[in-house]
Amino acid sequence: MKYGMSTCIGETISGLPFPVFYDPNYPALCNKSPVTSVTGGLGSGKTFFGLTVAAQASILGKIGFILDPKGDFIALKKLEKQGILSDIHIWNASDTNKEILDENTGMLDPTCFGKNTNENTALTIDVIKELVGELSPKQQTYLTPIVRDIVESDNPTFSRVAIKLLHSQDDEIRALGYSLDTFLKIPLAKLLVKDKRIERKSLELNSGFIVANLMGLQLPPDTKSKKDYKAGERISVIIMGLLCQVIINLMQEKPKSMYKVLIIDEAWAVVATESGNSMLKHILRLCRSLNMAVVLLTQSTKHFGKSEESDINTLITERFAFRNMDEQDNVETTRLMKLPEGEGWEQIIYSFQSGECLMQDSDFNIGTVQILVNDSWAETFSTTPVPEKQSSL
């Protein structure tokens, strides 16, 4: 690791303490995939680490985007008010009552999502499938030309698809319309349905970091089966995936010379849908060419596939494994890090204190690390009191 291209994040635990340096963009300079996974259970220090990475990236003048379903990364705004950071922008999807703001109506409408009508057509059909489930051959045949006509019209909007289906004389097609219409009337779906009476807003990233505060979403537990998702949960995971595509579109507009960072908290919610999983894989394959690092925060290593051969795992270069109480997940983590079996690495992860982790760097060196943060940062980032003499997580 070239120290001049990274920042100190902590120190080694075993033996004499030695400073540990990290920069999420560094692997791209070595022709490696600049993708980092950060895993760990509740209270393990995973989110603190994500906040630290974001703050350091901001100080270094990088631009970035953070998907923040829990509202934890809003704490970066406090550092801006203290004069430590600059250009931290908060985009609130919803108000304090967790209702989607009117100004965000239709921001993610798939029928007018991008400039390419063929891509918008395919995206709209994918979103419908994620909402209502697999389509019958008849429904697929009937739906495709309807969506294409609406997408290519002067005023495309997702609601028109449901209306068109509801007007069909065929019971099976009309049933699809009823199902879609029911989903689109759920309050969260305001983000997916453009209203011609409200000027459609778009996200802009000119400088600094945008924190997308998504506290209004109804993300399901990561252990919940997709088939058991409630309507609001289905819409929420679709929104996460669509926002990823918005971000990649924004990043592609920026010069390659600019260092970029994308941080996705609760990343399992993106891979929970087929379209979201496909979209994330596309982003991870593209990020090196965009000079963009991607940091994925999630509870379980298994969220990215149960094999080192999975598409996402093959694109992850650096890994941070914080405390995890799931024995099988720890086994999977050590296997992905290619650590020898039977030497107790799984138990080490299980017994970590908050802020301690197993780190694999871009050269595939592995060690145990204590993440260290500035005292004032720790106080700002924490929701619980920080002991006076404690400078680590």
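What this report covers is the structure whose coordinates are included nearby. Since the structure is predicted, the reported quantities are computational estimates derived from the model, not experimental observations. In every chain, residue numbers begin from 1 and rise along the written sequence. In keeping with the predicted nature of the model, local features appear solely for residues at pLDDT of at least 70, side-chain atom pairs appear and are counted solely at 80 or more, and the whole-chain, interface and lining totals rest on all residues. Water and hydrogen atoms play no part in the side-chain values, which are based on all heavy atoms of the structure.

### A short note on the packing of helix 4 (residues 117-132) against helix 5 (residues 137-151)
The axes used here are C-alpha line fits, helices contributing only the stretch in contact, and every angle between their N-to-C directions lies in the interval 0 to 180 degrees. Numbering of helices and strands runs from the N terminus, with a helix taken as a DSSP run of H or I at least four residues long and a strand as a DSSP run of E at least two residues long. Packing of helix 4 against helix 5 brings their axes to within 9 Å, and their N-to-C directions diverge by 135 degrees. Overall, the two elements helix 4 and helix 5 adopt an arrangement that is oblique. Every pair of crossing elements has a handedness; the one defined by helix 4 and helix 5 is right-handed. In this structure, helix 4 contributes Thr117, Asn120, Thr121, Thr124, Ile125, Ile128 and Lys129 to the contact, and helix 5 contributes Gln140, Leu143, Thr144, Val147, Arg148 and Val151. For this classification, Asp, Glu, Lys and Arg are treated as charged, while Ala, Val, Leu, Ile, Met, Phe, Trp, Tyr, Cys and Pro are nonpolar and the rest, including Gly, are polar. The class makeup of the residues in the contact of helix 4 with helix 5 is 5 nonpolar, 6 polar and 2 charged. These descriptions rest on fixed angle ranges, namely under 35 degrees for roughly parallel, over 145 for roughly antiparallel, 65 to 115 for roughly perpendicular, and the rest for oblique. Handedness of a crossing follows from how the near helix is turned relative to the far one, being left-handed for an anticlockwise turn of less than a right angle and right-handed for a clockwise one. Residues are treated as being in contact if the distance between any of their heavy atoms lies within 4.5 Å.

### A closer look at the environment of leucine 286
Inspection of the secondary structure assignment puts leucine 286 in helix 10 (residues 274-286). Sequence separation between leucine 286 and tyrosine 22 is 264 residues; the distance between their C-alpha atoms is 21 Å. Excluding anything up to four places from it in sequence, leucine 286 contacts Ile248 and Gln252.

### Comments concerning the sheet that holds strand 7 (residues 260-264)
The criterion for strand pairing is that DSSP finds at least two bridges linking the strands in question. Strand order across the open sheet formed by 11 strands is 2-1-11-10-9-3-8-7-4-6-5, with mixed pairing between neighbours. At either end of the open sheet lies a strand with only one pairing partner, and these are strand 2 (19-22) and strand 5 (88-92). On average, each strand axis in the sheet is inclined to that of its neighbour by 25 degrees, with strand direction left out of account. Note: strand 7 against strand 8 (residues 292-298), 5 bridges, orientation parallel.

### Digging into the layout of surface pockets
The pocket and cavity definitions rest on a 1 Å grid over protein atoms only: a 1.4 Å probe that fits but cannot leave marks a cavity, an open set with protein on both sides within 12 Å along at least five of seven lines marks a pocket, and residues lining either have an atom within 4 Å of a point. Grid points are joined across faces, edges and corners, and a volume is the space filled by probe spheres set on the points. Its boundaries defined by the atoms lining it, the largest pocket holds a volume of some 790 Å³. If you trace the largest pocket, you find 24 residues lining it, with Phe113, Gly114, Lys115, Gln245 and Asn249 closest to the centre. Contributions of two or more residues to the lining of the largest pocket are made by helix 4, helix 8 (231-252) and helix 10. Looking at the lining of the largest pocket residue by residue, the classes come out as 10 nonpolar, 7 polar and 7 charged.

### So, the pairing of strand 6 (residues 209-213)
Buried means the residue's accessible area, taken with a 1.4 Å probe over protein chains only, is under 20% of the maximum for its type, while exposed means over 50%, and partly exposed covers the values in between. Of all 5 residues making up strand 6, 5 are buried, and the element is well covered by its neighbours. Across 5 bridges, strand 5 lies against strand 6 in parallel orientation. Its bridge partner being in strand 6, asparagine 92 is matched across the sheet by asparagine 213.

### Some points on helix 12 (residues 327-336)
Turning to helix 12, its buried residues number three or more, namely Asp329, Asn330, Glu332, Thr333, Thr334 and Leu336. Elements that come into contact with the buried residues of helix 12 comprise helix 11 (311-315), strand 9 (318-322), helix 13 (345-351) and strand 10 (356-360). If you check the start of helix 12, you find a side-chain oxygen 3.0 Å away from the backbone N of glutamine 328, and it comes from aspartate 326. At the exit of helix 12 stands lysine 338, carrying a positive phi of roughly 60 degrees. Any pair of nitrogen or oxygen atoms within 3.5 Å is treated as a polar contact; in protein, a donor-acceptor pairing is required on top of that, and neighbouring residues in sequence qualify only through side-chain atoms on both sides.

### Here's the deal with the state of the cysteines
Note on terminology: disulfide denotes any pair of cysteine sulfur atoms within 2.5 Å. This model, assessed by the stated rule, comprises 0 disulfides. Looking at the unpaired cysteine 30, the closest cysteine sulfur is the one in cysteine 287, lying at 14 Å. Among the cysteines around cysteine 287, which has no disulfide bond, cysteine 244 carries the closest sulfur, lying 12 Å off. Residue classification places cysteine 287 among the buried positions, given a relative accessible area of 0%.

### Section: the pattern of salt bridges
Any Lys or Arg side-chain nitrogen located within 4 Å of an Asp or Glu carboxyl oxygen qualifies as a salt bridge. Tallied over the full model, the rule gives 20 salt bridges. A salt bridge links lysine 190 to aspartate 102, with the nearest nitrogen and oxygen atoms 2.5 Å apart. One end of the pair, lysine 190, is in the loop between helix 7 (171-184) and strand 6; the other, aspartate 102, is in the loop between strand 5 and helix 4, and 88 residues separate them in sequence. Residue class for lysine 190 comes out partly exposed when judged on its relative accessible area of 27%. Judged by relative accessible area, aspartate 102 falls into the exposed class, the value being 51%. Between aspartate 311 and arginine 285 there is a salt bridge, with its nearest N and O atoms 3.5 Å apart. Placement of the pair is aspartate 311 in helix 11 and arginine 285 in helix 10, with a sequence separation of 26 residues. Looking at aspartate 311, the relative accessible area reads 34%, which means it is partly exposed. Put simply, Lys70, Asp72, Asp265 and Glu266 are held in one network by salt bridges that share partners.

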